[in-house]
Amino acid sequence: MKNITLRQLRTFERVARNLSFSRAAEELHLTQPAVSMQIKQLEEQAGISLFNQTSKRISLTQAGELMLRHSLLILDDLKAAEQSFVSLKAGGTGRLRVGLITSGSYFFPHLISAFMHGKTEIDLDLTVRSRDHLITLLRSDRIDLAVMIHAPDDPAILAETFAPNPFVLVSAPTHPLTQEYDIPYSRIARECLIVRESGTDTRSATNDTFCTDQSTPRFMEIGCAEAIKHAVMAGMGISFLSAHAVQSEVRSGMLKVLDVQGLPLKRHWCVAHRVDRHLPPAALDFRQFLLTEGGARLEHFTGIDRVHTGIEVQSPGHVAGKTRTIVASSASHEVALRTRALLRDERLPDEHHIQGEDHAGGDDCRPDQLPARRELTHH
């Protein structure tokens, strides 16, 4: 195989990815006979067939699957080398390709802005999608880093935590549950729980918490975090969301965080990348920035340690109590929970207030379509 060329590897990769000679020819701007010739020469060099061909379709042989794996590694390394050389010649660090789950769009602009400050030589490509979509992009080398909550169960992807991300149960201020404290799970099971779609980190956290052997709340699925919050405000149900995603609405009194036993749920933000690929300089720098400064900066930007977690209830026989807060520690990545309740009409100070925005990202936000359905399958 000493005489295999990069052109043959690139042609093989396109045919293997599309399982079509004609589509590969279109993408490569070649004729189909030219593509067939490249594959034939590659098979002659390898001394083995790489494709099974029938009259209607082709498929990879075992040797073809092995060739594809090695071809991708070679082409990835070549692309990384090209990016490094371009950066070196330009005297900068090049392009930063980052993927972000939609719930992260409430705080991530602050982090990326802090990192990019003064770095005019970096071109940013930011993609906002669901968790499953980001993993696909990461595996196909269309992004270098992915910021998410639930790390993928994949030895080829390394995920490192950099900041806490508690999840809380929220309702409209007029919901009867806002008058209760230490609410048991059995009481929540009687409610309508408005949830994100499958494939999102928020839905994964919801399933982990509420799809149990006990009775499960009725699920109403809406594929947009902003639409979910407005549905909760309208009294259509309650929802389980990241404390970062609801901080503005909780501070303004439009949403209340319910005092439920076992909550907030402890989760963490993590940054993920492929272990079999060398990160470009810009991605290496941003990953290090998140790991060393991300937690502290996130706490500063969002004030999550001062976010009112909604224990705005009055315990029987108590005129006042202690305030429950979330303390976000960037060093230990732990969320400590303090007890107990605020007076019903107390309001938060305006400091560190962050205006809410529409952060639907790559998801279709269609609040006019609210399909209610019960889903008990754990994803």
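Predicted, not measured: the structure shown is a model, and the values here were computed from it.

Caption draft 1: Representation of the overall build of the chain within the structure. Scanning the chain from N- to C-terminus turns up 11 helices and 14 strands. Counting over 379 residues, the chain shows a buried share of 50%. Sequence separation of 24 or more characterises 75% of the internal contacts of the chain that already satisfy a separation of 6 or more. Element-wise, carbon and sulfur atoms account for 51% of the exposed surface of the chain, whose accessible area totals about 18,500 Å².

Caption draft 2: Up close: the packing of aromatic side chains. The tally for this structure, following the rule as stated, stands at 11 aromatic pairs. Arranged with centres 6.0 Å apart and planes meeting at 55°, the rings of Phe 21 and Phe 51 form a pair that is tilted. With Phe 21 in helix 2 (residues 21-28) and Phe 51 in strand 1 (residues 51-53), this residue pair connects regions lying 30 residues apart in the sequence. When sorted by exposure, Phe 21 lands in the same class as Phe 51, which is buried. Ring geometry for Phe 210 against Phe 240: centres 5.2 Å apart, planes inclined by 85°, an arrangement best described as edge-to-face.

Caption draft 3: Summary view of the sheet that holds strand 5 (residues 145-148). Pairing is mixed across the open sheet formed by 5 strands, whose spatial order is 4-3-5-12-6. Strand pairing shows two members of the sheet lacking a second neighbour, strand 4 (123-129) and strand 6 (157-164), which therefore form its edges. Strand-to-strand twist of the sheet, defined as the mean angle between neighbouring strand axes without regard to direction, takes the value 20°. Pairing analysis gives 7 bridges linking strand 3 (residues 95-101) to strand 4, with the strands arranged parallel. Each residue of the ladder has a partner; that of Arg 97, found in strand 4, is Asp 125. In the packing of helix 5 (residues 108-116) onto the sheet, the strands contacted are strand 3, strand 4, strand 5 and strand 6, and the crossing angle to strand 3 comes to about 165°.

Caption draft 4: Structural context of the side chain of Arg 97. Following the sequence through the fold, Arg 97 ends up in strand 3. You can call Arg 97 buried: its relative accessible area is 11%. For Arg 97, the side chain forms a polar contact with the main-chain oxygen of Asp 141, separated by 3.0 Å. A polar contact of 2.8 Å, which involves the side chain of Arg 97, links it to the side chain of Asp 144. What Arg 97 contacts, discounting residues up to four positions off in sequence, is Asp 125, Asp 141, Arg 142, Ile 143, Asp 144, Leu 145 and Arg 277.

Calculation rules
- Residues numbered from 1 in each chain as written.
- Predicted model: local features only at pLDDT ≥ 70, side-chain atom pairs only at ≥ 80, totals over all residues.
- Heavy atoms only, no water.
- Helix = DSSP H or I, 4+ residues; strand = E, 2+ residues; numbered from the N terminus.
- Buried < 20%, exposed > 50% of the residue type's maximum accessible area, 1.4 Å probe, protein only.
- Contact = heavy atoms within 4.5 Å.
- Areas by Shrake-Rupley, 256 points an atom, 1.4 Å probe, with all protein chains shown as cover.
- Phe/Tyr/Trp six-rings, centres within 6.5 Å; stacked < 30°, edge-to-face > 60°.
- Pairing = 2+ DSSP bridges.
- Axes fitted to C-alpha atoms, helices over the stretch in contact; angles between N-to-C directions.
- Polar contact = N/O pair within 3.5 Å; in protein donor to acceptor, adjacent residues only side chain to side chain.

Remember that the coordinates give geometry; whether it matters functionally is a separate question.
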